[in-house]
Amino acid sequence: MSSADPHAGRDVPWLILPTYNEAENIEAIVAAAGRALGAANDNAYKILIVDDGSTDGTGEIAERLSAEREQVEVLHRTQKNGIGPAYLAGFRYALDHGAGYAMEMDSDFSHDPADLARLLAAVRSGADLALGSRYVPGGGVVDWGLLRRFISEGGSTYARWVLGVRVRDLTGGFKCFKRDVLEAIHFDSVRSQGYAFQVELTYRAVRAGFKVVEVPIVFKDRELGQSKMSWRIAAEAMWLVPRLRFGRQPPAAPLRAATQSEAHAAPAEPHTSPRG
Ligand SMILES: Nc1nc2c(ncn2[C@@H]2O[C@H](COP(=O)(O)OP(=O)(O)O)[C@@H](O)[C@H]2O)c(=O)[nH]1
Ligand SMILES: [Mg+2]
């Protein structure tokens, strides 16, 4: 099973970390994610930081981290245009370099890096896409007031209802994709940026017949740095969701086209917590 280079080969998980002005978080999040992935996969993993020209020195710190560790790489982009394009650039790079799995996580400790192992385990035990989910039993959110909870959970409920899928947490950004799922998605036709991007990728995976499971996670607010999400990004999700369902569909990847109707009949099953 083992190959000469532990960082090559189709079994290697790549964690994509999008950053915009995360100088206070980047070093600690890379260290914590490295510990979790290293323990989960015998030190064979990659962390790809995708920095969109941060003005607070994040890009320089990322460069130093990548010089210090062979597992860390950096993609510098000159324009800040949202997490959607940043993730797509990261996915493309990871696929081109042989990633077996590509993972998404915020770089601000809202997601617990220790949960990376559980997401990876879910995909290794049969899922094609594992979602860190706040809205299944065992999952949740700390620190949020009633209004913010209502908007977030309401947004997921709205999207679930419009799209006709069973996924409970459609807007979350903590995920593990099997390589094939990303290969089946035509990146050029993905236009969304923020929460809508998360909805779009999960919806496309369900539509293409992939098995999507939800792994309970607890989300907490960042302690350092500032959120870049805005009402504009939330509004984008509102109008984009019906377009995903009723607009012109992007071409399906040939391999998966046969299973599309099956996908409609049996969308995501909630995953039971590995913690019991
Ligand atoms: N590369 C890149 N990363 C971004 C951009 N916008 C946000 N991020 C990162 O995406 C993650 C989630 O963003 P955040 O502002 O914390 O959103 P929130 O958790 O919904 O408040 C963080 O790691 C941000 O640094 C962007 O335009 N480009
Ligand atoms: Mg955040």
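First, a word on scope: everything that follows refers to the structure included in this document.

Thresholds applied
- Residues numbered from 1 in each chain as written.
- Chains lettered and ligands numbered in written order.
- Predicted model: local features only at pLDDT ≥ 70, side-chain atom pairs only at ≥ 80, totals over all residues.
- Heavy atoms only, no water.
- Helix = DSSP H or I, 4+ residues; strand = E, 2+ residues; numbered from the N terminus.
- Buried < 20%, exposed > 50% of the residue type's maximum accessible area, 1.4 Å probe, protein only.
- Contact = heavy atoms within 4.5 Å.
- Areas by Shrake-Rupley, 256 points an atom, 1.4 Å probe, with all protein chains shown as cover.
- Pairing = 2+ DSSP bridges.
- Right-handed = clockwise from strand over helix to strand, strands pointing away.
- Near = heavy atom within 4 Å.
- Polar contact = N/O pair within 3.5 Å; in protein donor to acceptor, adjacent residues only side chain to side chain.
- Phe/Tyr/Trp six-rings, centres within 6.5 Å; stacked < 30°, edge-to-face > 60°.
- Lys NZ or Arg CZ within 6 Å of the ring centre and 35° of its normal.

**Some thoughts on the overall build of the protein**
And then number 1: Along the backbone of the protein there are nine helices and 10 strands.
And then number 2: Residues counted as buried form 51% of the 276 residues belonging to the protein.
And then number 3: Taking the contacts inside the protein whose residues are at least 6 apart along the sequence as the reference set, 82% of them involve residues at least 24 apart.
And then number 4: Carbon and sulfur atoms make up 55% of the accessible area of the protein, which amounts to about 12,900 Å² in all.

**Notes on the pairing of strand 1 (residues 13-19)**
And then number 1: Burial analysis of strand 1 places seven of its seven residues in the buried class, which makes it a mostly covered element.
And then number 2: Where strand 1 and strand 2 (residues 46-51) come together, six bridges link them in parallel fashion. Note that in strand 2 the partner of Thr19 across the bridge is Asp51.
And then number 3: With respect to chirality, the unit in which strand 1 leads through helix 1 (residues 26-40) into the neighbouring parallel strand 2 is right-handed.

**Thoughts on the pairing of strand 2**
And then number 1: Taken across its six residues, strand 2 has six buried, putting it largely inside the fold.
And then number 2: Residues Lys46, Leu48 and Val50 of strand 2 are buried on one face, and the alternating residues Ile47, Ile49 and Asp51, pointing to the opposite face, are buried as well.
And then number 3: Regarding the hand of the β-α-β motif, the stretch spanning strand 2, helix 2 (residues 58-68) and strand 3 (residues 72-76) is right-handed.

**Notes on the site of ligand 1**
And then number 1: Every one of the 18 residues lining ligand 1 counts as a neighbour, but Glu22, Asp52, Arg222, Ser227 and Lys228 are closest to it.
And then number 2: Within the backbone of Tyr20, a nitrogen or oxygen atom sits 3.1 Å from an oxygen atom of ligand 1.
And then number 3: In this structure, Asp108 approaches ligand 1 through a side-chain N or O atom, which is 2.9 Å from an oxygen atom.
And then number 4: Within the complex, 95% of the 570 Å² of free accessible area of ligand 1 lies under protein.

**Examining the packing of aromatic side chains**
Geometrically, a pair of aromatic rings is defined through the distance of the ring centres and the angle of the planes.
And then number 1: Evaluation of the coordinates by the stated rule reveals six aromatic pairs.
And then number 2: A centroid spacing of 6.3 Å and a plane angle of 45° characterise the contact between Phe91 and Phe187, whose relative ring orientation is tilted. Within this pair, whereas Phe91 is found in helix 3 (residues 83-96), its partner Phe187 is found in the loop between helix 6 (179-183) and helix 7 (195-207), the two being separated by 96 residues in sequence. The two residues Phe91 and Phe187 agree in class, both being buried.
And then number 3: Among the aromatic residues, those joined into a cluster by ring pairs are Tyr87, Phe91, Phe177, Phe187 and Phe197.
And then number 4: Sitting above the plane of the Tyr20 ring, Lys80 keeps its charged end 5.0 Å from the centroid.
And then number 5: The positively charged end of Arg134 is found above the aromatic ring belonging to Phe219, 5.6 Å away from the centroid.

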